[in-house]
Amino acid sequence: MDRIMTNRLDRGFYRYQEEFEAAALRVLRSGWYIMGKELESFEEAYAAYTGAKYCVGVGNGLDALYLACRAIGIAAGDEVIVQGNTFIASVMGISMAGGRPVFVEPDEYYMIDTERIEAAITERTKAVMVVHLYGQTAQMRRVHEICKKHNLKLIEDCAQSHGAHWDGQMTGTFGDIGCFSFYPSKNLGAFGDGGAIITDSEEYKDRIRQLRNYGSSVRYYNKEVGVNSRLDEMQAALLSVRLKHMDELTAERKALAAVYDEGITNPLITKPAVREGAEHVYHQYVIRCEKRDTLIGYLKERGIDTIIHYPVPPHLSEAYAYLGIPKGALPITEKYADTVLSIPMYNGMTEEEQARVVEAVNAYTA
Ligand SMILES: *Cc1c(COP(=O)(O)O)cnc(C)c1O
């Protein structure tokens, strides 16, 4: 029996093979590879898809977060509130800009616990960064209210939530800037690195366009120290193909999740819950299990791969030892790191593959 992997990016390619190949050839033959028509048309299409006024393509999701922090004015010593249970890039975006991450515990949906945000605010707090983790949306109206009340900027890390709505509104459009990654495994994935920001602010749009290109908007005239972080023509063209099919791809993920929701009945497993008003686009299907590590081995023996998102919470990673946050400081975050497990979930997953996963998960007895 074939191994079932956690993701199958090849399936995503073959489904629209002809369209992808045509787009790639168009770019190769054009003689123009960076900052051209393909980027412009993708930026326009992605802004329209999200409902934001502007989209600016950048090199990857981390840069989107970092440049967003720069654009809203995060500087040395400024505190940015972020949930403890996120991918480390959210946190690095903050610290690369000079900011200091302040961690808040998640709720039972793995989203930032909005009841705990206000207690984390100090005089140095400049912004809140919300992460729509695993593809579910956080309680954005509440977060927005808190930010308004305390005069804080709001950044959304939408690297896992392409196309997800909260209360009918697309993630990334609630705050000042929404940040996306198009890393190949994301719901809207490129064939290499890619990222973008969306915003309604002309000022932030112009600033990030300048920052992504050495701090210049007129060639060889540099207004500030920027970076080289551009979404190239090839990735933009390929992303434009996939974007056309996003509704279908998102619906497929939801259908796959529904099969797991219904099929997995093992009392040792906690399935993902979706909050009223939230949408879940299932970037990952994340279960929890007290004896997670034996479950991993059990599934592996049955030819099923799994992956942990994420085994080390940022505050306990070596990179952030300098913050001096001890183990035990964020018990919910740490508990999730010890018990969460992502089971296979990808566009193009077959009924047979899913049936095998369901059967194996249900047969686990610890
Ligand atoms: C993938 C991801 C990022 C970083 O994106 P890259 O394109 O890999 O730099 C940031 N935040 C979250 C939550 C992610 O999942």
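It should be emphasised that the depicted structure is a prediction, and the values quoted were computed from it without experimental measurement.

Each value, and the rule that gives it
- Residues numbered from 1 in each chain as written.
- Predicted model: local features only at pLDDT ≥ 70, side-chain atom pairs only at ≥ 80, totals over all residues.
- Heavy atoms only, no water.
- Near = heavy atom within 4 Å.
- Polar contact = N/O pair within 3.5 Å; in protein donor to acceptor, adjacent residues only side chain to side chain.
- Areas by Shrake-Rupley, 256 points an atom, 1.4 Å probe, with all protein chains shown as cover.
- Salt bridge = Lys/Arg side-chain N within 4 Å of Asp/Glu carboxyl O.
- Helix = DSSP H or I, 4+ residues; strand = E, 2+ residues; numbered from the N terminus.
- Buried < 20%, exposed > 50% of the residue type's maximum accessible area, 1.4 Å probe, protein only.
- Pairing = 2+ DSSP bridges.
- Axes fitted to C-alpha atoms, helices over the stretch in contact; angles between N-to-C directions.
- Contact = heavy atoms within 4.5 Å.

Draft legend 1. Focus on the site of the ligand. Around the ligand, 13 residues are found, and the nearest of them are Gly-61, Asp-157, Gln-160, Ser-181 and Lys-186. Here Leu-62 contributes a backbone N or O atom positioned 2.9 Å from an oxygen atom of the ligand. Within the side chain of Gln-160, one N or O atom sits 2.8 Å away from an oxygen atom of the ligand. Contact with the protein chains removes 91% of the 380 Å² of surface that the ligand exposes when unbound.

Draft legend 2. Seen up close, the pattern of salt bridges. Here the structure, examined in full by the defined rule, presents 24 salt bridges. Between Glu-145 and Arg-142 there is a salt bridge; the shortest N-O distance is 2.8 Å. With a gap of three residues between them, Glu-145 and Arg-142 both fall in helix H6 (residues 140-149), about one helical turn apart. Here Arg-142 falls in the partly exposed class, since its relative accessible area comes to 29%. Put simply, Asp-305 and Lys-300 hold a salt bridge, and the shortest N to O gap is 3.3 Å. Under the relative-accessibility criterion, Asp-305 is labelled buried at 10%. In the salt-bridge network here, residues are joined through shared partners; they are Glu-118, Arg-142, Glu-145 and Lys-149.

Draft legend 3. Spotlight on the sheet that holds strand S2 (residues 79-83). With mixed pairing, seven strands are arranged side by side in an open sheet as S1-S9-S8-S5-S4-S2-S3. At either margin of the open sheet sits one strand with a lone partner, and together these are strand S1 (54-58) and strand S3 (100-104). Taken over all neighbouring pairs, the strand axes of this sheet differ in orientation by 25° on average, direction set aside. Here three bridges tie strand S5 (residues 153-157) to strand S8 (residues 177-181), and the two strands are oriented parallel to one another. Residue pairing in the sheet places Ile-155 in a bridge with Ile-177 of S8. Each of S1, S8 and strand S9 (195-199) is contacted by helix H3 (residues 37-50), which is oriented at about 130° to S1, the strand it contacts most. Seen against the sheet, helix H4 (residues 61-71) touches S1, strand S4 (125-131), S5, S8 and S9 and runs at an angle of roughly 160° to S8.

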